Amino acid sequence: MTAVGRLRRETVRMRAAELFGQEVKPSEVARRLRVSPKSAYQWHQLWRDGGVEALVSRGPSGSRCRLSPRCLEKLAAYLEQGPAAHGWVEDQVWTAGRVATLIGRKFHVSYSVSGATRLMHRLGFSPQVPARRVAERDDQAVTTWKEATWAEVKEPGRPAGATSASRTKQASPADRPKAAPGADAAAPLS
């Protein structure tokens, strides 16, 4: 959550405390402040038990970053150096998995792939996904095969006139030829 979002939530909670002090019911507080009734009732309970202080924010939730600000600076510098400087010479791509491994090697701290992704975004980087291609791939041979061989071996599709939108009802009775077997049975009863 952004700082602006936290500030707004804090302001709304303080306004709720004022309304509770004026003996406004939680359902009315929810309506006036445009919050869910559940939140208003929870805030009311907190306010009754601990007053305004109970509604003051305790800071952002979630786990703290396990790297110090100095380590974050070092990590950003390592990322700027590129993957090859740290042993990944196949390509110049920072994947989240590589960054998690780098953090473990340099700082002896374990990060999950999703945690490394969030950390990269926080530092202004984005994880990249390398193209999975065989090193011996011959793009010219692939193009030639697609243009020449594939055109010969692929099966033709169904003709456009023989298709139906329904798998169970092939065509409407009005579309059947009059001489078709069962054509008279499909006629509407009068």
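As the structure is a computational prediction, the values presented were derived from the model and not from experiment.

The number of helices and strands found in the chain is eight helices and zero strands. Here the chain displays about 14,500 Å² of accessible surface, and carbon together with sulfur accounts for 53% of that area.

This model, assessed by the stated rule, comprises four aromatic pairs. A ring pair is formed by Tyr78 and Phe107, whose centres lie 6.0 Å apart and whose planes are at 40 degrees; its orientation type is tilted. Separated by 29 residues along the polypeptide, Tyr78 in helix H4 (residues 69-81) and Phe107 in helix H5 (residues 96-107) bring together distant segments of the chain. Taken individually, Tyr78 and Phe107 each receive the classification buried, so the pair is uniform in this respect. Across from the ring centre of Tyr111, 4.5 Å away, lies the NZ or CZ of Arg66, which sits over that ring. One cation-aromatic arrangement involves Lys106 over Tyr78; the distance from NZ or CZ to the ring centre is 5.0 Å.

Below, the discussion takes up the environment of Phe125. One can find Phe125 in the loop between helix H6 (113-122) and helix H7 (139-147). Separated by 46 residues in the primary sequence, Phe125 and Leu79 have C-alpha atoms spaced 8.4 Å apart.

Attention shifts here to H6. Along H6, the residues classified as buried are Gly115, Ala116, Leu119 and Met120. The arc that holds every buried residue of H6, seen down its axis, measures 140 degrees, which confines them to one face. For H6, the secondary structure elements touched by its buried residues are H4 and H5. Backbone geometry just downstream of H6 places Gly124 in the positive-phi region, at approximately 90 degrees.

Another point: the nonpolar core. Formed by 19 residues in total, the largest nonpolar core has its most connected members in Leu67, Leu75 and Ile103. Secondary-structure elements contributing two or more residues to this core are H4, H5 and H6. Ala17, Leu19, Phe20 and Val29 belong to the second largest nonpolar core, which has ten residues in total.

Criteria and thresholds
- Residues numbered from 1 in each chain as written.
- Predicted model: local features only at pLDDT ≥ 70, side-chain atom pairs only at ≥ 80, totals over all residues.
- Heavy atoms only, no water.
- Helix = DSSP H or I, 4+ residues; strand = E, 2+ residues; numbered from the N terminus.
- Areas by Shrake-Rupley, 256 points an atom, 1.4 Å probe, with all protein chains shown as cover.
- Phe/Tyr/Trp six-rings, centres within 6.5 Å; stacked < 30°, edge-to-face > 60°.
- Buried < 20%, exposed > 50% of the residue type's maximum accessible area, 1.4 Å probe, protein only.
- Lys NZ or Arg CZ within 6 Å of the ring centre and 35° of its normal.
- Arc of directions from axis to C-beta.
- Contact = heavy atoms within 4.5 Å.
- Core = buried A, V, L, I, M, F, W, Y, C linked by side-chain atoms within 4.5 Å.

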